[in-house]
Every structure is written in C-alpha cells, then in structure tokens.
Amino acid sequence: MGRKNKQNPFAAKKRQKKEQAASGSDRRTEPYEEIKRDNEKFEKYYRLQNICVDAAEWQQFSVTIRENLPSAFRVTGFKDEAKALLNIIKTELFAEYIRGVAELRGTPADQVERPLCLPWYPDGLAYQLHLTRKDIRRSEPLYRLHNFLINETNAGAISRQEAVSMIPPIVLDVKPTDKVLDMCAAPGSKTAQLIEALHAEPEKYRIPPGFVLANDVDNNRCYMLVHQAKRLNSPCFLVTNHDSAYFPNLMKSAANGMKAVMKFNKILCDVPCSGDGTLRKNPDIWLKWNLAQAYNLHGIQYRIIRRGAEMLEVGGRLVYSTCSLNPIENEAVIQRIVSDYQGALEIVDASHLLPGLKCKPGLTEWKLASKEVDEVYSNFKDVPDKYHTIIRPNMFPLPKDQMANLGLEKCIRILPHFQDTGGFFVAVLCKKRQFPFEINDDKHLFPKKTEVETGTKSSENIQIDEGKSVPWGPQRKRRRLHGYKEDPYVFFEENDHDWKEMREFFDLDGSLNYRCLLTRCVTEKKKNVYYCSELIRDLVLLNEDSIKIINTGVKAFARCENRHTDHPFRLAQEGLQTTNAFMGPKRRVEISKDDLILLLKCTDPTKPPSTTLLKESTQERCKELSVGSCIIKYTDQRFTLNVVGWRGTSSLRAYVDKNETMHIMRLLGVDPSEFEINKYEKAREEALKTAEKTLEELPVNEIECVAEDAQND
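Residues numbered from 1 in each chain as written. Predicted model: local features only at pLDDT ≥ 70, side-chain atom pairs only at ≥ 80, totals over all residues. Heavy atoms only, no water.

The chain carries the name tRNA (cytosine(34)-C(5))-methyltransferase in an unreviewed UniProt entry, which gives Glossina pallidipes as its organism. Under the heading Subcellular location (unreviewed entry), UniProt records this for the chain: "Nucleus". (UniProt positions renumbered as here; feature names shortened; annotations may be inferred.)

Now the structure itself:
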C-alpha cells in the first residue's frame, strides 16, 4: 500500500475543528443528553437471581439504583491532628453544609438533614453527605464545601471515597507489623486506607515494621496510584507494575542471611469486574451492560485470587472484593477457589468488624443465562454446545450437600437500598495449609541468578548511559518484557560524603539507617534524597530485576544550595513525618501560635518575615541557629504541629505549600478564606473584563446602539 492513501488522524481532527469553527457549531457547548437508566436484560437477570426477598424490596432496589450516588469522605486517622480536624468538620464545616444546602434547595436550615456518620467505620471518622458529586461541584452555595474537600484531600487530611469501597481494607484488619499486598491497587483509595492502618500506632513504632506493596497491571494507572498514596508520605510503601494473575515470587533476606521466598500475611484482591454495583456513579453502564462481561471476567478473577492465595502465608488473611452484584463474579469465584483446594482455604465471618452495616449473606443458589437472558441454565447440561467455551461447569453452584460445607453465607453482599450506597461484594478467606504446588524454596526460582550475589547499588558500580543524568529527563529507555525499565534505586553507602554532612548538620539519630537513603539519579550531585524502610530496601535490591518497580520511598531531603549556608540540603515537608523522629534539638525552633500564623500568612518567598517581627523567645532561638533548614514546632493541648522552615540571615519562613497552609490555618482556628478562590465569582469577573474589552474595541456609534438596547430592555 502506498503512503499517499494513508490519512493522518491528527490532521483530520484539525480540519474538523476548523469546519466546526466556520459553521459556528461546537458539540462541546451542547448539553449532554441524559442517559436512560434502564436495561431490560439487567432487570430480567437479577430478578432471576432473587437478590431481593420480595417484590416490595425489588421496587426499593430498582428505584435506588437509578438515583445518583451520595458523596462520602473519611478523615486520615493516624495523623496527630485527626481529632481536632474531626471537631472542625462536625461544627464549622457542617454548619456551612447546612447553610449551603438550605440555599441550594430553598428550604429552611432546620429541615436540612445533617451528614451521616458511617456507624461501621472505626472511630467515627467517615461521613456520607446527602449530596452528589455533581451537586457539590456545580453549585455556588456549596463552593466552600467543595474547596474544603479539595484542599484537605490534597493535604492528606481526608480522602474522598465511596462508602462501600472503604469496607475491604477494614475487614482485612491490617496491623503495623503486617506484610500487605494489594494486587489490583489503582487508583489507590483502598491502598491509602491500608497505609493508614499500617501507621495506626505512631507512639509505638517510629517506622512501622510492616509494609504495603501496591501492584497494578496498567502502567498509567500505577502513576495515579503513586499520586494518591504520596499524600500519606509513607516510607513503607512500594508500587509495582505487573499482571496480578502471574505475579512473580518475590525474594527476601532470611534471618540466617540466605534468600527466601516472600510470603504476605494480608492480601487484598479487589479484582477487575463488570462494575454494575456502580451504576449510580457510572450511569453509562446502563447502556452497555450484558452477561458476556461477567463470563469473560470470571476466569481472570479466579486466576488473580488463586495467585494471591499461593503467595499468602499459612494463617494469613485474603480479602476478595468486587463492585459487582453478579454471582458469577462473586460467589462462583469463591466457591471455585475454596472447593479446588479443599481444606487449604476457609471463608471467615468478618461481620463483627463492621458493626451497624446492613448487608445480606452470600448466595448459595444462582442461575446462568444466555447473553440476551432469553435462555436460563440451571446446570451445565442445559448449556448449548455453542456456549461451552463461554459458560463453564465451575460457574454453576455445587450440589446442596457440598455447598453446605463451603460457608458462602459468610460472604457480605451489599445492595444500594440498604444504606443509600453502591452495590458491593466482599469475602474474607483464611489460609489453613499450603497448596501442594506452592514454591517456598528459592532453589526453584531463577536458577541462573542464584549464583549471582545481589549487592548494594552505588554510583561506582552502575554503568551510566551518556546523557542520562536525571531519571525524568528526555531519554530513550530500553524496552523489556514488562515495559520500560525504570531508573535505578541507588542506596547510600557508609562512606557517602552527603550522608556525613546530613548527619552532622541535622543532628540525626544513630538509629536512622543510612543504608535506607536513596536517590534515583546516578550522579555525584544528588538532587533529591528519599527514605524507605529496611524491608522495602531489601525487596528493591533483591527483586528489581524480576518485577518492574514504579516508585518507593518518601522524599526526605532536597538540594537547596544557598550562598549563605555551607550545607546544600534542606528538609522536605513530605518526609518530615519520618525524619522528625530521628532529629535532635540542634535544628529545631519552638514557636507560639501567633508566630506560626505570621509565617504561614507570608506567601511571597522573596519577602520572608523578619525575625524582629517574632516574639522575643523566638528571636533568641533564631540567633542560636545558623542559616539553613530547620523544623518549626508548635505544641497545642490537642496536637503538635511540625513544619519545615528556613532560617535566613535575618528571617524565618515556613516551607509549606498552599494546601498544607490552609490545613494548618484551620487547625489553628484562623479563617482560611483569604486563600480560597470562589470560581463562580472569578468567572463573573473574567466575563465582565471580556465584555469591557469588547466594548472598548467597538466603534463609538455601535456603543451608543448597545447602550440604547440595554435601556429599552
């Protein structure tokens, strides 16, 4: 074929835009057509499954699933200031919520229903609003509520998440010592919950002994996952990119110095599904729902949970969850994995971890059907030969005598009308013994590589490609089986010059393991220095050649060269949660509330506040400090705040971003409205400026005509 016959899609799109502009038609300005929330096959199929006990409940289910989903959020529980923020939410935010909803709906404030505290979420830290995402995003009376949710989410103080999506991490029951694997982690809301649970005992563990390994098959979604989890700044977190169904056996260093196969004691399998439990949030599913999706996904879901069960240690816990209502994706998968390895896995009743949650037990009977739901099959013998490759025998329920021993009724089924949420399915499994085909000996893994000693990577033993100085610069990466290879993780060594300077300047504790400090660029002049836990370091060094590692470590130090200081690094606010625990008093400044507010209100980095504006005690402490990075500490009866600061030659400034500034201002009782933007007011101002500019460009006679028309109107 000749090249002249090929069309350039980008050029075609450009021509189309020009034609639309010439004709004055633009589909983007036209309103979206409302999706018809109805699907005859959906209704017929789920009536067949008897997911509702009677016609009255079915009617309630049918009405609720066609309504928009309410928004929900939860407070990050492991942070010191969580209780103070929760009190602000219950008082100031909810007062603003009631005022805004009353104005939006035109009803008296005393008739507005308060947000619902989810009774089953630990410590009362989660709330469901009686508003949809669209209500909050597009209503001017609610702009302050919208700003609060965005700001506190970016600051890592809250997480916006669908209510039922919070359930799997709760029943996984993660402790700070657990080795956790999230097999299908993106976009990361459940992963964030797992990290929070890992850091739940900061008074006991400066750095949790466990870790969370989050994996996803989609490379792009892995970076969404990194963005979501980075708000929590955990050094015990690792992101990998691999097919979960074929996740490789990872190696670890055993106590005797030898290598061993890593086993996890908590695994979350939130598998890909048809998603019909999210119809309230994603109404476009109404248009494309059919049974073929469930049949195609059943095998994928089984392979993922099977691989997860293999990597689970004996006595460990595995949670399987979907946002689907379909028994083919739910009970059929659990039935298959439990019966295939009889005695190795046991379904566990986890309802005691969810007090107040309205739910149903798992189904023990279900039927299969053709794609159009015009033929119903009770067993595999009824299935026509043409469907034998799609519908398989293990999708059907087992005989009643075998089913009674499985315990499927211990699974959790949530329907939308129970508590005004989405639909969801959760099953909790406990491993009683090893599978017969499990690999637990490193001799059976990578036989060619067992002879190679895995050493610590440093700038001396890594070969550098020409022009490759920073990992994020423009460069060609060598293609390999699992995508493009990420830049190396270069860990510090004992004789590292930068480490010695950091230890002395920041008065770092000897218990901080310098071997866990790393960079991502192979140069002598390090730009950013990250910190990870010892277990994560071990995982990276032993497994980076067998699995694609996307991200790990929290930024602890950043290069900040200044002519007034000899030390080239400053503390990073992202890693302060970690580094603060290892720093002595040498680079600390304790200040008053008024001083902290003064520092936070200074938003111009070129004009930091002079120390003469601070209290006398603060001025005296600043005189003792040399120029450079420091920790600014404020202690309240309710919480302690630590922020990164910079001691200048005659000034002191706080090194925090806008979101963190607004978060701290709220905690201190200061109105952060001066930092807020009313997007509606801003749009009106811009429209007025545009109109004024247009009038200025018009001839005088036309301006007079416009004025006359305005008077006549």
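Past the structure itself, the notes keep going.
Residue position: Leu 268 is located in strand β10 (residues 264–270). Taking the C-alpha atoms as reference points, Leu 268 and Ala 214, 54 residues apart in sequence, are found 9.5 Å from one another. When sequence neighbours within four positions are dropped, the list of residues in contact with Leu 268 reads Pro 168, Leu 172, Leu 181, Asp 182, Met 183, Lys 190, Leu 194, Val 319 and Ser 321. (Helix = DSSP H or I, 4+ residues; strand = E, 2+ residues; numbered from the N terminus. Contact = heavy atoms within 4.5 Å.)

Taking the numbering used here, the UniProt-annotated feature "active site" (unreviewed entry) corresponds to Cys 323. For Cys 323, the location among the structural elements is in the loop between β11 (312–322) and α12 (331–340). Once you skip the residues sitting within four places of it in the chain, Cys 323 turns out to touch Cys 273, Gly 275, Asp 276, Gly 277, Thr 278, Gly 423 and Phe 424.

Turning to its location among the elements, Arg 520 is positioned in the loop between β21 (517–519) and β22 (528–531). The class for Arg 520 is buried, based on a relative accessible area of 12%. In terms of polar contacts, Arg 520 uses its side chain to reach the backbone carbonyl oxygen of Pro 488, at 3.4 Å. (Buried < 20%, exposed > 50% of the residue type's maximum accessible area, 1.4 Å probe, protein only. Polar contact = N/O pair within 3.5 Å; in protein donor to acceptor, adjacent residues only side chain to side chain.)

It is worth spelling out the packing of aromatic side chains at this point. Evaluated as defined, the whole model comprises 16 aromatic pairs. Taking the centre distance of 6.1 Å and the plane angle of 50° together, the rings of Tyr 46 and Trp 289 count as tilted. With Tyr 46 in helix α2 (residues 40–48) and Trp 289 in the loop between α10 (285–288) and α11 (291–311), this pair connects stretches of sequence that are 243 residues apart. Judged by centre distance (6.5 Å) and plane angle (75°), the rings of Tyr 320 and Phe 425 are edge-to-face. (Phe/Tyr/Trp six-rings, centres within 6.5 Å; stacked < 30°, edge-to-face > 60°.)

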